[in-house]
Structure formats: C-alpha cells, structure tokens
Amino acid sequence: MATDVGGNQSVERALSILRVFTVGRSELRVSDIAKLADLGLSTTSRLLATLEVAGFVDRDPISGLYRMGLDIVSLGGAVLNLHPVHREGRQIAQNLAAEVGLGVNVAVRREGHLFYLLNFEGRQAPRSFTLAGQHNPLHATGLGKALLSGMNHEERMQVLRPVLQRGYTPRTITDPGELDAEIRRSRARGYFTEVEELALGRACLAVPIRDGSGDVVAALSVSGPLSAIDLPNREAELARAAIEAADSISIGLGYIGPGYQGSAHLYEASVEEPL
C-alpha cells in the first residue's frame, strides 16, 4: 500500500511539472519549474531527468533550460485522432476557414472551461500558434455560450458559479440573468456571438454541435479581429456558413433531429435580430 501511495505521488508530481509548461514561458530553469509546481528542487530535478529519458521534456544542452518534448505530440495526436468530434470536424472546419478567410475553432466543454480540439486560420486571421489543447472561459466566449445552450439555468450555474464573476473586459457578461437572456436569444436564432468579451479587438460567431442523442457535445466558431470578421456587414454570411458546417459535423455524429431540420429556418427567421 505504501508503495502504491508513493507511486501515485510521483505520477501526480510528474504531471504537475508537465502542466507548468502549458502556461507562461515555454523554456524554464529547474528552479522556476520547482517553484511553479510547488515541489522541492531535488524532487523536481529527479522527475525532470525521468521525463527527459521518456521524451516528455527536452533539455537544451547549452542553456540548460527545459521545454516540453516532442513525444508529448504523439500522445496528443493519438487522443485527437480517436475523438469523434475531431474526426468528423477536421476537414469541415479546415474548409470553412479557407472559405471565409477567418479562424475556425471546434471545442468541447471540460468542467467550467472550453477545450479547443481544432483550430484553423484563414488568410485574414493568421496566428503564430495553435489554440488546440488550450482552455478558455465559457461565459466570455461565443463557443462557451453555444456549449452552455444545452443546459438549463441550474446546470449552467453549477458549472459557472466558481468563475462567472470574472470579467476579462468591460463587456464580459458576469450576471447570471443577463447570461441566461443572451443564451435564450441566441439559441432562438440558431447562433451565438461574442464581441470583445474575452479580448479587446476580437469577435466570434459560434454554433452548437449535437450528437446522435441530441445533446450539445461541442461547438464551432468563426473568429478573428473586428476589422476582419466585420459582423455588422458579414453576420448573415458567417452565420449561414457556420450553421451549415456545424450541421454537417452533427450529422456525422449521428444527429438527425429537429436541430438539423430547423436550423436554417431559425437562421432565416431571426438573422435580422440585433446583437
């Protein structure tokens, strides 16, 4: 039993070291890693040596700094390739990004955050990094609102209560009643929008994705700088394209219910509603 406990602690500590690299700087000294992971220096050094042998971290021979190893990519790739939403959505999202010239993302919910499965950049919204594998808040993003749309108020509050009061810009919705009203309004028209609620100068339009049971299991968004996404002039075009793409993914996941039959109708009926 003592051996099992010790082994579990070592695994937990090794994972805490790997998580350090997912935020902030990509290359770190041993002392920085120890501090961020809340571990002793000797324990950190020992675990880093083990992780290096396994290929999960690399050490620069000149600077001595550590960074994530390429073998992590093998694990991540295997997880993504086995995920049904990733399989069904990859080509569709890539085609949509090329069509509209903007960023296209597909995400699922993980507790109180969204988790990006797919990220493609269009020519008008280039990035020097990928969003795949990163997290963002649900209440401050169009993707998040789309993911929350399959829940009732009580379910949403259970998920959001620890984080809802956090505002990222002056436009972030932090009031439960206001968020409920926004989700109801957006659900009726078939798509969700977010304008500078997470980051100034950026906006997105998102649509939920459903599986064979009819549950909202993911969401797709079109995003980019305000000048490129240009919602005042492009909202109708982008809403139609995003709805069609999300519907195609939902069909691939086995969904043939009212959402697929009626989403285009909802779009036509309410696209003129103000944001």
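Structure report, in brief.

Rules used throughout
Residues numbered from 1 in each chain as written. Predicted model: local features only at pLDDT ≥ 70, side-chain atom pairs only at ≥ 80, totals over all residues. Heavy atoms only, no water. Helix = DSSP H or I, 4+ residues; strand = E, 2+ residues; numbered from the N terminus. Buried < 20%, exposed > 50% of the residue type's maximum accessible area, 1.4 Å probe, protein only. Lys, Arg positive; Asp, Glu negative; His and termini not counted. Salt bridge = Lys/Arg side-chain N within 4 Å of Asp/Glu carboxyl O. Polar contact = N/O pair within 3.5 Å; in protein donor to acceptor, adjacent residues only side chain to side chain. Contact = heavy atoms within 4.5 Å. Expected span 1.5 Å × (residues − 1). Pairing = 2+ DSSP bridges.

## A few points about the side chain of E194
Alright, step 1. With respect to the helices, strands and loops of the structure, E194 is situated in strand β6 (residues 192-195).
Alright, step 2. Buried and unpaired, E194 has K145 as its nearest opposite-charge partner, separated by 6.8 Å.
Alright, step 3. Polar side-chain contacts of E194 include one of 3.2 Å to the backbone nitrogen of E196.
Alright, step 4. Not counting chain neighbours up to four residues away, the residues in contact with E194 comprise A140, T141, G142, K145, R202, A203 and C204.

## Description of helix α8 (residues 176-189)
Alright, step 1. With 14 residues, α8 should reach 20 Å at 1.5 Å per residue; the first-to-last C-alpha distance of 20 Å fits that figure.
Alright, step 2. The set of residues buried in α8 consists of L179, D180, E182, I183, S186 and R189.
Alright, step 3. One or two steps after α8, the chain reaches G190, where phi turns positive at roughly 95°.

## Thoughts on the pairing of strand β3 (residues 103-110)
Alright, step 1. Across the 8 residues that make up β3, a large majority, 6, are buried.
Alright, step 2. Note: β3 against strand β8 (residues 216-225), 5 bridges, orientation antiparallel. What sits directly across from A107, in β8, is A219.
Alright, step 3. One ladder, built from 7 bridges, connects β3 with strand β4 (residues 113-120); its direction is antiparallel. Paired with R110 across the two strands is H113, which belongs to β4.
Alright, step 4. Where β3 folds back onto β4 in an antiparallel hairpin, the turn is made up of 2 residues, including E111, whose phi is positive at roughly 55°.

## Considering the pattern of salt bridges
Alright, step 1. One pass over the full model with this rule turns up 9 salt bridges.
Alright, step 2. In this structure, E197 and K145 form a salt bridge, with 2.9 Å as the shortest nitrogen-oxygen distance. Taken together, the residues span a long stretch of sequence, with E197 in the loop between β6 and β7 (202-210) and K145 in helix α6 (residues 142-148) at a distance of 52 residues. Across the pair, exposure class does not vary: E197 and K145 are buried alike.
Alright, step 3. The closest approach of N and O atoms between E196 and R171, which form a salt bridge, is 3.8 Å. Remark: R171 occurs in the loop between α7 (153-160) and α8 and E196 occurs in the loop between β6 and β7; sequence separation between them is 25 residues.
Alright, step 4. Since its relative accessible area comes to 17%, E196 is described here as buried.

By themselves, these observations are geometric and do not establish any function.
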